[in-house]
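Remarks on the overall topology
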Amino acid sequence: MSRLALRKDLSLRCARVMLTFFHEEWEMEGLQTVGILLVLCSSLKLLHFLGLIDFSAGDSIEDDFELSTVCHRPEGLEKLQEQTKFTKKELQVLYRGFKNECPSGVVNEDTFKIIYSQFFPQGDSSTYAHFLFEAFDTNKNGSVSFEDFVIGLSIILRGTINDRLNWAFNLYDLNKDGCITKEEMLDIMKSIYDMMGKYTYPCMQEDAPREHVENFFQKMDRNNDGVVTIDEFIESCQKDENIMQSMQLFDNVI
Amino acid sequence: MATGVAAWLPFARAAAIGWMPVANCPMPPAPREHSKKQDELIILNVSGRRFQTWRTTLDRYPDTLLGSTEKEFFYNEETKEYFFDRDPDAFRSVLNFYRTGKLHYPRYECISAYDEELAFFGIIPEIIGDCCYEEYKDRKRENAERLMDDQEENKDSRLPNMNFRETMWRAFENPHTSTMALVFYYVTGFFIAVSVITNVVETVPCGSTPNQKDVPCGERYTVAFFCMDTACVMIFTVEYLLRLFAAPSRYRFMRSVMSIIDVVAILPYYIGLVMTNNEDVSGAFVTLRVFRVFRIFKFSRHSQGLRILGYTLKSCASELGFLLFSLTMAIIIFATVMFYAEKGSSSSKFTSIPASFWYTIVTMTTLGYGDMVPKTIAGKIFGSICSLSGVLVIALPVPVIVSNFSRIYHQNQRADKRRAQKKARLARIRIAKKGSSNAYLQSKRNGLLNELLDLTVKEEEQHMNKTSSLLESQHHHLLHCLEKTTVTFIYFIVDDYGLQPMKTPKISFVDEQLYEQNCVEGAQFSRSPSLSSQDGFTGTCCTRRSRKRIPLPNASLSTTHTHTHTQGLQELSAIHIQCGDQPSLSTSRSSLNIKSSERSRINCRGQQITTAVISLPSPTNFPPDGDGHGLPNPLSTPPTINTTSSSNIVKVSAL
């Protein structure tokens, strides 16, 4: 009880002090103080602005110049010819197109997404482009150089059917652990369906990707362990006529 | 279409490998490339400068000239390149568009030339990149405004048949069209000035009666001022009513600013007449007199500068609004602060915040009357901050308004100067171009002269045609064919610059006997109707005309000669025309005196008469000494010649 009373007393006393402070006589003085403080602050800021005093502790923004342009040159034409199955002329054409879009010599993921989205204006192709980027970026450094690009293309367009299937498996296997789980496949499927966009005929069902994944796993998963390994994948694909036929499409792209 | 990244299409197609294993049905067959064309270099020769690029670069934009098969029209087989006869500098930016996908507008390029180039190559200007689009749009707008000014000028020269109302309206809008309008313009201006000065002088204290204080002139000479006021208002009312009558759209006229000013200027007088000297409304009456000062705004019809100022203020409305808003904000803030700062001081004039407004405004606009000054230290500090910030707040929007005004003013000045120089410029251009428009008639004369001379002198006159190029001769042949088709003759030619058509024919009538007489005068005569000389020609033509009233053959005309030619036409004796094989009918003298425009419509219907004239001056190609023997001969022969070569023959003979 006494403590409460003490506290009450204290607060009352504080209030009284504050009141006296803000009393008439003090009012003018208070404003005076405020004015003087204002002038002081502004003069300090002015001096700092003029460069006479330095306030900042640490590096200022101007020192923060990071090299934004990274230039990358691909290896020689002959070396690329050895690594890929393209002819010299084809490499030249590919490089010209590549360099036109990416003058710095490397593609980063954003540019990749932008370029890919130009071919699919109706839907959202960014997720699929992301997966593609991961597949092309073999050394995992966040950018695709011309060599990566052309090596990947070489496998798809000039490789054997097995090579192509291998590459496709690599694309599906998001965490690169050698087997495709249902979740990974679902992600891939959703990204493919996203590319179609919203306005399709017939209207896209919500669970269409999931159904499609179920179909896929039924076809591919031989031992029904819930994952598809590379051998299961290649075996099942080789048995499927449609897939074999569609793989032939890539022969004439370039 | 992803034409910009067409080079990446193989990649996109390759990336489709991800879909194949999950697809449940077979893929459609791929389109086959019929000719596996290797990418090749194309040479584009633009006025001699060779540009080279890959074919695929150009194929990126198939809806332009270079990207489609349209460029095959420009293919040159021998040199195996595409030749374009265009400006190579502008072509650079066009080709860069294909290479980079972005179209840039070069600043040094003329805007209409650039537009033409883009139109030629089938590129729409809207795809100019953001970096250059602003500049492009600005220049385009500027150009359009300039052209619009010029077009408005052309619209002023209307057709001669306007009814009274339209004439009056035009007189009101452009006082320079007729003397009456100019007189009216000056009279109204004078009366506006008189009215304004009257209003001002009315309030001056002029002379005091000995026992009273100074009396304003208005009360001393009431009758005089009343009469003057009445006169002015009468003039203004008449003017307003006339304008209302003449306006093409009365409703729009009544809503226009100038008419509202007019009404406001004259209403107080009428209201004053209507109202008697009631005590309760006299206060309002006094207020109404203030509106008489609006008469000064009537001057804006007379002064272009005022109009520009008004237009500028209207167009800078947003800047002005911002200025006002920021000032108000600052005033309120500083007034509040000053009030509280000065509250403690004993004899403070800052009695309330609104009272401090006056101090703040006076300080911020750096007027500093000194009727209210802060006395406390805090007040003084805040007062100084107030004055410093006042300068800034006012100085910021003002340059925007100033630059707007400057731009509009200069534009107007330029438009005026252009208009003033336009007539002189067009006259000069017309003189320079006279040769080409006359060339047809000249060559026709030459041709006819040729025909006539063929009978006498066979081979001399071939050199007459040496100056006309193939193009010209083909053009003349075309016009001649048209003449033959419609069985009329061309004799007036409208200028390229769209000026009023020449009211008199290029060719004048010639009286044979007089012509013979003139021929005797030899060299002087031979030189006079030269096509190229104007001044010397004018001299001989007009002096000759004044002396003998002979219509000289003159091929070159300027509008200054119109009067003399109509005169000359009236003097002609006759035209003798033969059309086809009909017997000739001569037109009566009266028909010769009618206006040339109507004359042209008197066609040959079928094979009837055409009125047409041809003069036989000595052509410029003739050497002077060849003149003597060249000319008289045909004159002796026309009455007897029946040239069978052409069915329409024109004979000029005296009745």
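Residues numbered from 1 in each chain as written. Chains lettered and ligands numbered in written order. Predicted model: local features only at pLDDT ≥ 70, side-chain atom pairs only at ≥ 80, totals over all residues. Heavy atoms only, no water.

1. What to know about the UniProt feature "transmembrane region" (unreviewed entry) in chain B
Residues and elements named next belong to chain B. The cut-off we apply is this: UniProt positions are given in the numbering used here, feature names are shortened, and annotations may be inferred rather than shown by experiment. Only DSSP runs of H or I reaching four residues or more are called helices, and only runs of E reaching two or more are called strands; each is numbered from the N terminus.
As annotated by UniProt and renumbered to match this structure, "transmembrane region" (unreviewed entry) occupies residues 180-201, 221-242, 254-275, 320-341, 353-369 and 381-402. The span residues 180-201 is 100% helix and 0% strand, and its two end C-alpha atoms sit 31 Å from each other. A distance of 33 Å separates the end C-alpha atoms of residues 381-402, which is 91% helix and 0% strand.

2. Considering the interface of chain B and chain A
Threshold: For this analysis, residues touch if any pair of their heavy atoms sits within 4.5 Å. Throughout, the accessible surface (probe 1.4 Å) given up by two parts as they are put together, summed over both, is called the buried area. A carboxyl oxygen of Asp or Glu within 4 Å of a side-chain nitrogen of Lys or Arg is what we treat as a salt bridge. In protein, a polar contact requires one atom able to donate a hydrogen and another able to accept it; more generally it is a pair of N or O atoms within 3.5 Å, and residues adjacent in sequence count only if both atoms are side-chain atoms.
The partner chain A presents 54 residues to the 43 residues of chain B that form the contact. Approximately 4100 Å² of surface area, both sides summed, lies buried where chain B meets chain A, with 71% of it carried by carbon and sulfur atoms. Three residues stand out in chain B for area buried against chain A, namely Trp8(B), Phe11(B) and Ile17(B), and they jointly supply 19% of the buried area on that side. Our enumeration of links across chain B and chain A arrives at 0 salt bridges. Taken together, the links from chain B to chain A amount to 6 residue pairs in polar contact (both at pLDDT 80 or more). Elements supplying a minimum of two residues to the side of chain B that touches chain A: α1 (9-15), α14 (317-341) and α16 (377-395) of chain B. In terms of residues, the side of chain B that touches chain A owes the most to one element, α1(B), which gives 7 residues.

3. Section: the packing of helix α9 (residues 222-246) of chain B against helix α11 (residues 257-274) of chain B
All names here are of chain B. Stated formally: Comment: axis = line fitted to C-alpha atoms, over the contacting stretch for helices; angle = value between 0 and 180 degrees taken between N-to-C directions. An angle counts as roughly parallel when it lies under 35 degrees, as roughly antiparallel when it exceeds 145, as roughly perpendicular when it falls between 65 and 115, and as oblique in every other case. A crossing counts as left-handed when the near helix is turned anticlockwise from the far one by less than a right angle, and as right-handed when that turn is clockwise. Charged means Asp, Glu, Lys or Arg here, nonpolar means Ala, Val, Leu, Ile, Met, Phe, Trp, Tyr, Cys or Pro, and polar covers whatever is left, Gly included.
Running from amino to carboxyl end, α9 crosses α11 at an angle of 135 degrees, the nearest separation of the two axes being 10 Å. Looking at the two axes, α9 sits oblique to α11. Handedness of the α9/α11 crossing: left-handed. Contacts from Phe-226, Asp-229, Thr-230, Val-233, Phe-236, Thr-237 and Tyr-240 in α9 reach Ser-259, Asp-262, Val-263, Ile-266, Tyr-269, Tyr-270 and Leu-273 in α11. Taken together, the residues that form the contact of α9 with α11 break down as 9 nonpolar, 3 polar and 2 charged.

4. Focus: the side chain of Thr376(B)
Residue position: Thr376(B) is located in the loop between α15 (353-364) and α16. In terms of polar contacts, Thr376(B) uses its side chain to reach the backbone carbonyl oxygen of Ala341(B), at 3.4 Å.

5. Some details on the UniProt feature "domain: EF-hand" (unreviewed entry) in chain A
Residue and element names in this part refer to chain A. Here, the residues flagged by UniProt with the feature "domain: EF-hand" (unreviewed entry) are residues 124-159, 160-195 and 208-243. The distance from the first to the last C-alpha atom of residues 124-159 is 29 Å, and the span holds 67% helix and 8% strand. Within the segment residues 208-243, helix and strand shares are 72% and 8% respectively, and the terminal C-alpha atoms sit 20 Å apart.

6. Concerning the confidence of the model for chain B
All names here are of chain B. For clarity, the threshold we go by: Every residue gets a pLDDT, meaning the predictor's confidence in that residue, from 0 to 100.
Confidence in the prediction of chain B, expressed as mean pLDDT, is 72, and 64% of residues score 70 or more. Long-range and interchain partners of residues 456-464, a stretch whose pLDDT sits below 50, account for 10 contacts in this model, where long-range means more than four residues apart. Under a pLDDT of 50 for its full length, residues 495-655 has, in the predicted model, 264 contacts with residues more than four places off or in other chains. If you check the scores for this complex, the pTM reads 0.53 and the ipTM reads 0.72.

7. Topic: the nonpolar core
Soluble globular proteins: nonpolar side chains tend toward being buried together. Using the following cut-off: To qualify as a nonpolar core, a set must consist of buried Ala, Val, Leu, Ile, Met, Phe, Trp, Tyr and Cys residues joined through side-chain atoms within 4.5 Å. Categorising residues by exposure relies on relative accessible area from a 1.4 Å probe, with only protein chains included: less than 20% of the type maximum marks a residue as buried, more than 50% marks it as exposed, and the intermediate range marks it as partly exposed.
With 62 residues, the main nonpolar core has Tyr116(A), Leu132(A), Leu157(A), Met185(A), Phe233(A), Trp8(B) and Phe11(B) as its most contacted residues. Considering every element that reaches this core, the biggest residue donor is helix α6 (residues 126-136) of chain A, with 7 residues. Look past the residues within four positions of Trp8(B) in its chain and what remains in contact with it is Gly97(A), Phe98(A), Glu101(A), Cys102(A), Val107(A), Ile115(A), Phe119(A) and Phe149(A). Membership of the second largest hydrophobic core comes to 25 residues, among which are Leu44(B), Leu58(B), Leu118(B) and Tyr136(B).

8. Looking at the confidence of the model for chain A
For any part of a model where pLDDT is low, the fine detail of the predicted coordinates should not be relied upon. On average, residues of chain A score 82 in pLDDT, and 87% of them are at 70 or above. Taking the mean pLDDT of every element in chain A, the minimum, 73, falls on helix α1 (residues 2-21) of chain A and the maximum, 91, on α6(A).

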